[in-house]
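Summary of the model geometry
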Amino acid sequence: MVVTRGGPRPEGPALGVDIGGTNIKWVHRAGAAVVARGMLPTPAAGPAQVAATIAEIADARTVEAIGVALPGHLSPDLRSTTTIPNLDGDWQGFPLADTLERATAKPVLLMNDARAFASAELALGSARGHTDVLFMTMGTGIGGAIALDGTVLRGPGDRIGEIGHVTAEPGGHPCGCGARGCLETVAGGRALAALWTRALASRGSGNQDRSATPEDLVRAARSGDTTAREILDAVALAVGTVLGSVMAQLGISTVVVGGGVAPAFDVMRPTVELALRDRRPLIGPVTLLAAGLGPYAGATGAALSATAQPLAAPSTLPQLSVI
Ligand SMILES: [Zn+2]
(Lines give C-alpha, C1' and ligand atoms only; values in the text may rest on other atoms or scores of the structure.)
Protein backbone atom coordinates (compact mmCIF):
# COMPACT_ATOMS: atom_id res chain seq x y z
CA MET A 1 0.00 0.00 0.00
CA VAL A 2 1.14 3.53 -0.75
CA VAL A 3 0.93 5.73 2.33
CA THR A 4 0.25 9.38 1.55
CA ARG A 5 2.41 11.88 3.41
CA GLY A 6 2.44 15.61 3.77
CA GLY A 7 -1.33 16.15 3.48
CA PRO A 8 -3.78 16.76 6.31
CA ARG A 9 -3.66 14.22 9.10
CA PRO A 10 -6.20 11.39 9.04
CA GLU A 11 -9.06 11.87 11.48
CA GLY A 12 -9.87 8.31 12.53
CA PRO A 13 -8.81 6.20 15.48
CA ALA A 14 -5.10 6.06 16.23
CA LEU A 15 -2.62 3.89 18.08
CA GLY A 16 -0.05 5.78 20.15
CA VAL A 17 3.03 3.86 21.27
CA ASP A 18 5.65 5.04 23.77
CA ILE A 19 8.86 3.00 23.65
CA GLY A 20 10.83 3.13 26.88
CA GLY A 21 13.99 1.38 28.01
CA THR A 22 11.93 -1.03 30.14
CA ASN A 23 8.37 -1.00 28.80
CA ILE A 24 6.33 -0.25 25.70
CA LYS A 25 3.11 1.57 26.58
CA TRP A 26 0.30 1.92 24.05
CA VAL A 27 -2.99 3.79 23.85
CA HIS A 28 -5.78 3.21 21.32
CA ARG A 29 -7.84 6.38 20.91
CA ALA A 30 -11.00 6.83 18.85
CA GLY A 31 -12.89 10.08 18.79
CA ALA A 32 -12.16 11.69 22.13
CA ALA A 33 -12.09 8.37 23.98
CA VAL A 34 -9.43 5.91 25.04
CA VAL A 35 -10.63 2.57 23.67
CA ALA A 36 -7.87 0.51 25.26
CA ARG A 37 -4.36 0.79 26.57
CA GLY A 38 -1.64 -1.57 27.72
CA MET A 39 1.98 -2.12 28.63
CA LEU A 40 4.49 -4.87 27.79
CA PRO A 41 8.26 -5.32 28.24
CA THR A 42 10.44 -3.71 25.55
CA PRO A 43 12.05 -6.50 23.48
CA ALA A 44 15.80 -6.56 24.07
CA ALA A 45 16.62 -7.89 20.59
CA GLY A 46 16.72 -4.47 18.94
CA PRO A 47 14.71 -2.27 16.58
CA ALA A 48 13.40 -5.00 14.20
CA GLN A 49 11.88 -6.87 17.13
CA VAL A 50 10.41 -3.65 18.58
CA ALA A 51 8.87 -2.86 15.16
CA ALA A 52 7.38 -6.37 14.98
CA THR A 53 5.88 -5.91 18.45
CA ILE A 54 4.27 -2.59 17.49
CA ALA A 55 2.89 -4.15 14.30
CA GLU A 56 1.35 -6.95 16.37
CA ILE A 57 -0.37 -4.43 18.65
CA ALA A 58 -1.63 -2.46 15.62
CA ASP A 59 -2.89 -5.58 13.82
CA ALA A 60 -5.09 -6.47 16.77
CA ARG A 61 -6.85 -3.08 16.74
CA THR A 62 -8.85 -0.94 14.29
CA VAL A 63 -6.74 2.16 13.73
CA GLU A 64 -6.07 4.49 10.82
CA ALA A 65 -2.67 5.79 11.89
CA ILE A 66 0.17 5.00 14.28
CA GLY A 67 2.26 7.44 16.32
CA VAL A 68 5.46 6.22 17.94
CA ALA A 69 7.33 8.12 20.70
CA LEU A 70 11.02 7.27 21.12
CA PRO A 71 13.52 8.19 23.84
CA GLY A 72 16.01 9.84 21.50
CA HIS A 73 16.51 11.58 18.21
CA LEU A 74 15.32 11.04 14.66
CA SER A 75 16.62 11.72 11.17
CA PRO A 76 15.82 15.23 9.83
CA ASP A 77 12.86 13.82 7.84
CA LEU A 78 11.55 12.12 11.03
CA ARG A 79 11.44 8.70 9.29
CA SER A 80 14.42 6.90 10.88
CA THR A 81 16.03 6.74 14.29
CA THR A 82 19.50 8.13 14.99
CA THR A 83 20.64 8.32 18.61
CA ILE A 84 18.48 6.28 20.99
CA PRO A 85 20.85 5.81 23.95
CA ASN A 86 18.68 3.83 26.37
CA LEU A 87 17.28 1.14 24.07
CA ASP A 88 19.02 -2.18 23.39
CA GLY A 89 20.26 -2.88 19.88
CA ASP A 90 21.62 -0.76 17.03
CA TRP A 91 19.09 2.00 16.33
CA GLN A 92 21.42 4.25 14.33
CA GLY A 93 19.76 4.78 10.93
CA PHE A 94 16.98 2.23 11.47
CA PRO A 95 14.07 3.01 9.06
CA LEU A 96 11.36 2.52 11.70
CA ALA A 97 8.59 4.48 9.94
CA ASP A 98 9.03 2.65 6.60
CA THR A 99 9.34 -0.73 8.35
CA LEU A 100 6.12 -0.18 10.29
CA GLU A 101 4.23 1.19 7.29
CA ARG A 102 5.17 -1.91 5.27
CA ALA A 103 4.11 -4.18 8.13
CA THR A 104 0.81 -2.45 8.96
CA ALA A 105 -0.23 -0.53 5.80
CA LYS A 106 -0.94 2.47 8.06
CA PRO A 107 0.72 5.91 8.05
CA VAL A 108 3.31 6.13 10.83
CA LEU A 109 4.56 9.24 12.61
CA LEU A 110 7.73 9.13 14.73
CA MET A 111 8.45 11.65 17.45
CA ASN A 112 10.61 12.25 20.50
CA ASP A 113 9.00 11.04 23.73
CA ALA A 114 9.33 14.37 25.57
CA ARG A 115 7.64 16.16 22.67
CA ALA A 116 4.89 13.48 22.76
CA PHE A 117 4.46 14.04 26.52
CA ALA A 118 4.23 17.80 25.91
CA SER A 119 1.68 17.38 23.10
CA ALA A 120 -0.59 15.37 25.40
CA GLU A 121 -0.23 17.67 28.41
CA LEU A 122 -0.87 20.70 26.20
CA ALA A 123 -4.00 19.20 24.64
CA LEU A 124 -5.51 17.30 27.55
CA GLY A 125 -3.43 17.71 30.70
CA SER A 126 -2.06 20.38 33.01
CA ALA A 127 -1.03 22.78 30.25
CA ARG A 128 -4.48 22.84 28.66
CA GLY A 129 -5.47 26.44 28.03
CA HIS A 130 -1.86 27.66 28.14
CA THR A 131 -0.01 28.68 24.99
CA ASP A 132 3.61 29.16 26.09
CA VAL A 133 4.93 26.37 28.27
CA LEU A 134 8.24 24.76 29.21
CA PHE A 135 7.97 21.00 29.82
CA MET A 136 10.44 18.92 31.83
CA THR A 137 10.31 15.13 32.21
CA MET A 138 12.35 13.65 35.04
CA GLY A 139 13.24 9.99 34.56
CA THR A 140 16.57 8.20 34.30
CA GLY A 141 17.57 11.30 32.33
CA ILE A 142 15.82 14.63 31.82
CA GLY A 143 13.72 15.39 28.75
CA GLY A 144 12.16 18.65 27.74
CA ALA A 145 9.93 20.39 25.28
CA ILE A 146 8.78 23.91 24.47
CA ALA A 147 5.33 25.09 23.41
CA LEU A 148 5.03 28.56 21.91
CA ASP A 149 1.74 30.02 20.64
CA GLY A 150 0.00 26.74 21.47
CA THR A 151 2.31 24.53 19.39
CA VAL A 152 4.99 22.11 20.61
CA LEU A 153 8.17 23.00 18.73
CA ARG A 154 9.80 20.05 16.95
CA GLY A 155 12.17 21.03 14.12
CA PRO A 156 14.36 18.73 12.00
CA GLY A 157 15.01 15.48 13.90
CA ASP A 158 12.59 16.57 16.66
CA ARG A 159 15.44 18.03 18.75
CA ILE A 160 13.98 21.24 20.17
CA GLY A 161 13.66 21.63 23.93
CA GLU A 162 16.42 19.44 25.37
CA ILE A 163 16.58 21.17 28.74
CA GLY A 164 18.34 18.11 30.20
CA HIS A 165 21.37 19.04 28.11
CA VAL A 166 21.64 22.67 29.16
CA THR A 167 24.85 23.10 31.17
CA ALA A 168 24.23 23.16 34.91
CA GLU A 169 27.77 22.49 36.13
CA PRO A 170 30.55 23.66 33.79
CA GLY A 171 33.21 20.94 33.49
CA GLY A 172 31.05 18.53 35.51
CA HIS A 173 30.38 14.84 34.96
CA PRO A 174 30.38 13.50 31.38
CA CYS A 175 26.91 13.26 29.84
CA GLY A 176 25.60 10.66 27.37
CA CYS A 177 25.27 13.47 24.80
CA GLY A 178 29.04 14.01 24.71
CA ALA A 179 29.15 17.21 26.77
CA ARG A 180 29.93 17.66 30.49
CA GLY A 181 27.86 18.96 33.36
CA CYS A 182 24.46 18.88 31.62
CA LEU A 183 21.43 19.24 33.91
CA GLU A 184 20.79 15.52 33.38
CA THR A 185 24.15 14.68 35.02
CA VAL A 186 23.12 16.71 38.07
CA ALA A 187 19.39 16.10 38.44
CA GLY A 188 18.46 13.04 36.35
CA GLY A 189 17.35 9.87 38.15
CA ARG A 190 20.69 8.19 37.51
CA ALA A 191 22.52 11.18 39.03
CA LEU A 192 20.25 11.27 42.10
CA ALA A 193 20.79 7.55 42.66
CA ALA A 194 24.57 7.97 42.39
CA LEU A 195 24.59 10.93 44.82
CA TRP A 196 22.62 8.97 47.42
CA THR A 197 24.68 5.78 46.92
CA ARG A 198 27.85 7.80 47.61
CA ALA A 199 26.32 9.50 50.65
CA LEU A 200 25.25 6.18 52.14
CA ALA A 201 28.66 4.61 51.46
CA SER A 202 30.45 7.52 53.16
CA ARG A 203 28.42 6.99 56.32
CA GLY A 204 28.82 3.20 56.04
CA SER A 205 25.10 2.51 55.80
CA GLY A 206 24.70 1.55 52.15
CA ASN A 207 23.02 -1.67 51.09
CA GLN A 208 25.73 -3.83 49.51
CA ASP A 209 23.17 -5.91 47.62
CA ARG A 210 21.83 -3.06 45.52
CA SER A 211 22.49 0.55 44.57
CA ALA A 212 20.31 3.29 46.00
CA THR A 213 17.44 4.62 43.86
CA PRO A 214 16.06 8.15 43.46
CA GLU A 215 13.03 6.94 45.42
CA ASP A 216 15.32 6.01 48.36
CA LEU A 217 16.73 9.55 48.33
CA VAL A 218 13.27 11.15 48.22
CA ARG A 219 12.04 8.91 51.04
CA ALA A 220 15.04 9.82 53.21
CA ALA A 221 14.57 13.54 52.56
CA ARG A 222 10.88 13.33 53.42
CA SER A 223 11.68 11.54 56.66
CA GLY A 224 14.00 14.39 57.64
CA ASP A 225 17.45 13.03 56.77
CA THR A 226 19.68 16.14 56.71
CA THR A 227 22.13 14.82 54.11
CA ALA A 228 19.32 13.79 51.76
CA ARG A 229 17.76 17.24 52.10
CA GLU A 230 21.10 18.94 51.43
CA ILE A 231 21.60 16.83 48.30
CA LEU A 232 18.15 17.67 46.94
CA ASP A 233 18.57 21.36 47.85
CA ALA A 234 21.78 21.55 45.80
CA VAL A 235 20.12 19.73 42.91
CA ALA A 236 17.07 22.00 43.15
CA LEU A 237 19.27 25.07 42.91
CA ALA A 238 20.71 23.71 39.64
CA VAL A 239 17.22 22.88 38.32
CA GLY A 240 15.91 26.34 39.25
CA THR A 241 18.90 28.06 37.69
CA VAL A 242 18.51 26.20 34.38
CA LEU A 243 14.73 26.63 34.31
CA GLY A 244 15.11 30.36 35.03
CA SER A 245 17.69 30.80 32.26
CA VAL A 246 15.56 29.04 29.66
CA MET A 247 12.39 30.84 30.75
CA ALA A 248 14.12 34.22 30.54
CA GLN A 249 15.40 33.39 27.08
CA LEU A 250 11.99 32.31 25.76
CA GLY A 251 9.74 34.60 27.78
CA ILE A 252 7.89 31.59 29.19
CA SER A 253 6.44 31.67 32.72
CA THR A 254 4.66 28.29 32.91
CA VAL A 255 6.41 24.97 33.59
CA VAL A 256 4.93 21.45 33.56
CA VAL A 257 6.98 18.75 35.33
CA GLY A 258 6.35 15.03 34.88
CA GLY A 259 8.10 11.68 34.65
CA GLY A 260 8.79 8.80 37.02
CA VAL A 261 11.23 10.82 39.16
CA ALA A 262 8.88 13.83 39.45
CA PRO A 263 8.26 13.04 43.16
CA ALA A 264 11.82 14.30 43.70
CA PHE A 265 10.70 17.61 42.20
CA ASP A 266 8.02 17.91 44.86
CA VAL A 267 10.73 17.83 47.54
CA MET A 268 12.88 20.29 45.55
CA ARG A 269 10.02 22.65 44.79
CA PRO A 270 10.61 25.26 47.57
CA THR A 271 14.25 25.74 46.53
CA VAL A 272 13.34 25.79 42.82
CA GLU A 273 10.71 28.44 43.59
CA LEU A 274 13.28 30.51 45.47
CA ALA A 275 15.66 30.34 42.51
CA LEU A 276 12.86 31.41 40.15
CA ARG A 277 11.62 34.25 42.33
CA ASP A 278 14.55 36.38 41.15
CA ARG A 279 13.23 36.02 37.59
CA ARG A 280 9.93 37.62 38.44
CA PRO A 281 10.85 41.15 37.27
CA LEU A 282 11.65 39.78 33.81
CA ILE A 283 9.09 37.02 33.21
CA GLY A 284 6.41 37.73 35.81
CA PRO A 285 4.92 35.23 38.27
CA VAL A 286 5.99 31.67 37.52
CA THR A 287 3.45 28.86 37.45
CA LEU A 288 4.76 25.36 38.24
CA LEU A 289 2.36 22.58 37.33
CA ALA A 290 2.49 18.86 38.00
CA ALA A 291 1.83 16.79 34.87
CA GLY A 292 -1.76 15.62 34.80
CA LEU A 293 -1.93 12.57 32.55
CA GLY A 294 0.27 10.01 34.30
CA PRO A 295 2.47 7.33 32.73
CA TYR A 296 0.48 7.08 29.48
CA ALA A 297 1.05 10.74 28.52
CA GLY A 298 3.72 9.89 25.93
CA ALA A 299 1.57 7.25 24.23
CA THR A 300 -1.40 9.63 24.30
CA GLY A 301 0.65 12.42 22.71
CA ALA A 302 1.83 10.04 19.98
CA ALA A 303 -1.78 9.04 19.24
CA LEU A 304 -2.96 12.67 19.22
CA SER A 305 -0.11 13.65 16.89
CA ALA A 306 -0.78 10.78 14.46
CA THR A 307 -4.34 11.84 13.71
CA ALA A 308 -6.53 14.91 14.11
CA GLN A 309 -8.77 13.89 17.00
CA PRO A 310 -11.40 15.73 19.00
CA LEU A 311 -10.22 16.44 22.52
CA ALA A 312 -12.15 15.50 25.63
CA ALA A 313 -12.09 17.71 28.67
CA PRO A 314 -10.16 16.19 31.58
CA SER A 315 -12.26 15.55 34.68
CA THR A 316 -9.83 17.21 37.08
CA LEU A 317 -6.75 19.37 36.76
CA PRO A 318 -3.83 19.12 39.17
CA GLN A 319 -3.18 21.80 41.71
CA LEU A 320 -1.47 24.97 40.61
CA SER A 321 1.38 26.60 42.39
CA VAL A 322 1.94 30.24 41.54
CA ILE A 323 5.11 31.80 42.87
ZN1 LIG B 1 24.05 16.20 27.86
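In this text the structure is predicted, and so the values were computed from the model without any measurement. (Residues numbered from 1 in each chain as written. Predicted model: local features only at pLDDT ≥ 70, side-chain atom pairs only at ≥ 80, totals over all residues. Heavy atoms only, no water.)

With that out of the way, let us pick up the overall build of the protein. Along the protein, the regular secondary structure elements total 10 helices and 11 strands. Taking 20 Å as the expected radius of gyration for a compact globule of 323 residues, we find that the protein reaches 20 Å, a close match to that expectation. Considered along the principal axes of its C-alpha atoms, the protein spans approximately 60 × 45 × 35 Å. The buried share among the 323 residues of the protein stands at 52%. A separation of at least 24 residues holds for 64% of the contacts in the protein among residues at least 6 apart in sequence. As displayed, the protein offers around 14300 Å² of accessible surface, 53% of which is attributable to carbon and sulfur atoms. Looking at the protein, you have 25 positive and 27 negative side-chain charges, and the mean spots of the two groups are 2 Å apart. (Helix = DSSP H or I, 4+ residues; strand = E, 2+ residues; numbered from the N terminus. Rg over C-alpha atoms; globule rule 2.2 N^0.38 Å. Buried < 20%, exposed > 50% of the residue type's maximum accessible area, 1.4 Å probe, protein only. Contact = heavy atoms within 4.5 Å. Areas by Shrake-Rupley, 256 points an atom, 1.4 Å probe, with all protein chains shown as cover. Lys, Arg positive; Asp, Glu negative; His and termini not counted. Charge placed at Lys NZ, Arg CZ, Asp CG, Glu CD.)

Surrounding the zinc ion are the protein donor atoms His165 (ND1), Cys175 (SG), Cys177 (SG) and Cys182 (SG), which sit 2.0 to 2.3 Å from the metal. Around the zinc ion, the 4 donor atoms are arranged such that angles at the metal cover 101 to 123°; this shape is classified as tetrahedral. Donor residues binding the zinc ion come from one chain and are separated in sequence as H-x9-C-x1-C-x4-C. Of this pair, His165 sits in the loop between β8 (151-152) and α4 (183-187) while Cys177 is found in the loop between β8 and α4, placing the two residues 12 residues apart along the sequence. Taking relative accessible area as the criterion, His165 reaches 28% and is therefore assigned partly exposed. (Donors = N, O, S within 2.8 Å, 3.2 Å for Na, K, Ca; no water. Tetrahedral: all angles 85-135°; square planar, octahedral: opposite > 155°, others 65-115°.)

If you check the domain split of the protein, you get domain 1 (14-118 + 296-306) and domain 2 (127-291). The straight-line distance from the C-alpha centre of domain 1 to that of domain 2 is 26 Å. Interface area lost by domain 1 to domain 2 is led by Arg115, Phe117 and Ala118, which between them contribute 48%. Inspection of the domain 1/domain 2 interface yields 2 salt bridges. Between Asp158 and Arg115 there is a salt bridge, with the nearest N and O atoms lying 3.5 Å from each other. Here domain 1 is connected to domain 2 by 8 residue pairs in polar contact (both at pLDDT 80 or more). Classifying every residue of the side of domain 1 that touches domain 2 gives 9 nonpolar, 5 polar and 1 charged. (Domains from an automatic or database assignment. Buried area = accessible area lost by both parts, 1.4 Å probe. Salt bridge = Lys/Arg side-chain N within 4 Å of Asp/Glu carboxyl O. Polar contact = N/O pair within 3.5 Å; in protein donor to acceptor, adjacent residues only side chain to side chain. Nonpolar A, V, L, I, M, F, W, Y, C, P; charged D, E, K, R; others polar.)

All right, on to the sheet that holds strand β4 (residues 65-70) then. Pairing within the open sheet is mixed, and its 5 strands lie in the order β3-β2-β1-β4-β5. Here the strands that pair on one side only, and so sit at the sheet edges, are β3 (33-41) and β5 (108-112). Strand after strand, the sheet turns through a mean of 15° between neighbouring axes, direction not considered. Where strand β1 (residues 14-19) and β4 come together, 5 bridges link them in parallel fashion. From the neighbouring strand, Leu15 faces β4, where its bridge partner is Ile66. The sheet contacts of helix α3 (residues 113-123) involve β1, β4 and β5, and relative to β5 the element is tilted by about 100°. Contacts from helix α10 (residues 297-306) reach β1, β2 (23-30), β4 and β5 within the one sheet, and its direction differs from that of β1 by about 140°. (Pairing = 2+ DSSP bridges. Axes fitted to C-alpha atoms, helices over the stretch in contact; angles between N-to-C directions.)

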